[in-house]
Amino acid sequence: MLDFYIINDDQEKPNYPEKLGLEFAGGLDNKTFDNLQNKGIIDRRFDYYSDFRLGTLLINQIRQTIIKKQLQADNDVKKITQLFDTASKKQSGLIAYGD
């Protein structure tokens, strides 16, 4: 599982999210992640097994891509949109930690 945590854009990347008290936002399984990459929603530079960060600007760009491709009703897209909605409520980005 790829675990996502809420993180402010200007906050340093912690090695262990629990130690800094980052809020868990949710996760994506490998199949969903691959599907999102195949649909052009998540860039290929991001790896399921590596840590990466999605700042608020990048989240907004991905949201625009979803709208442009008219994939709002797609089940895989709905999963990542839920993560984005959680981050948006906190006016923050997301940081992902791969297993």
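Residues numbered from 1 in each chain as written. Predicted model: local features only at pLDDT ≥ 70, side-chain atom pairs only at ≥ 80, totals over all residues. Heavy atoms only, no water.

Section: the sheet that holds strand β1 (residues 2–7)
By way of backbone hydrogen bonds, the strands of a sheet pair with one another, either parallel or antiparallel. Pairing in this open sheet of 4 strands is antiparallel, and the strands run β2-β1-β4-β3 from one edge to the other. Only two strands of the sheet have a single partner each, and these edge strands are β2 (24–28) and β3 (52–54). Each adjacent strand pair in this sheet contributes to an overall mean axis angle of 25°, direction not counted. Examined bridge by bridge, β1 and β2 share 4 bridges and lie antiparallel to one another. The residue of β2 that forms the bridge with Tyr 5 is Phe 24. Sheet strands in contact with helix α1 (residues 30–38) are β1, β2 and β3, and its direction is about 80° off that of β2. Docked against the sheet, helix α2 (residues 56–68) engages β3 and β4 (93–97), running at close to 70° with respect to β3. (Pairing = 2+ DSSP bridges. Helix = DSSP H or I, 4+ residues; strand = E, 2+ residues; numbered from the N terminus. Axes fitted to C-alpha atoms, helices over the stretch in contact; angles between N-to-C directions. Contact = heavy atoms within 4.5 Å.)

Digging into the side chain of Gln 37
Here Gln 37 shows up in helix α1. Residue Gln 37 is classed as buried on the basis of its relative accessible area of 9%. Here the side chain of Gln 37 touches Asp 43 through a polar contact of 3.0 Å, landing on its backbone oxygen. Leaving out residues up to four positions away in the same chain, Gln 37 has contacts with Ile 42, Asp 43, Arg 44 and Phe 46. (Buried < 20%, exposed > 50% of the residue type's maximum accessible area, 1.4 Å probe, protein only. Polar contact = N/O pair within 3.5 Å; in protein donor to acceptor, adjacent residues only side chain to side chain.)

Thoughts on the nonpolar core
Counting 25 residues, the largest nonpolar core has Phe 4, Phe 33, Phe 52, Leu 54 and Leu 94 as the members making the most contacts within it. Listed by contribution, the elements that provide at least two residues to this core are β1, β2, α1, β3, α2, α3 (75–89) and β4. Take this core: its biggest share by element is 5 residues, from α3. If near-sequence neighbours (up to four positions away) are discounted, Leu 54 is found in contact with Phe 4, Phe 46, Ile 59, Ile 62, Phe 84, Gly 93 and Leu 94. With 5 residues, the next largest nonpolar core counts Ile 7, Leu 22, Ile 95 and Tyr 97 among its residues. (Core = buried A, V, L, I, M, F, W, Y, C linked by side-chain atoms within 4.5 Å.)

Some words on the environment of Phe 84
Topologically, Phe 84 is positioned in helix α3. Residues Phe 84 and Gln 37, 47 residues apart in the sequence, show an inter-C-alpha distance of 16 Å. When sequence neighbours within four positions are dropped, the list of residues in contact with Phe 84 reads Leu 54, Ile 59, Ile 62, Arg 63 and Leu 94.

Notes on the environment of Asn 35
Residue placement: Asn 35 occurs in helix α1. Separated by 41 residues in sequence, Asn 35 and Asp 76 have C-alpha atoms that sit 7.0 Å apart.

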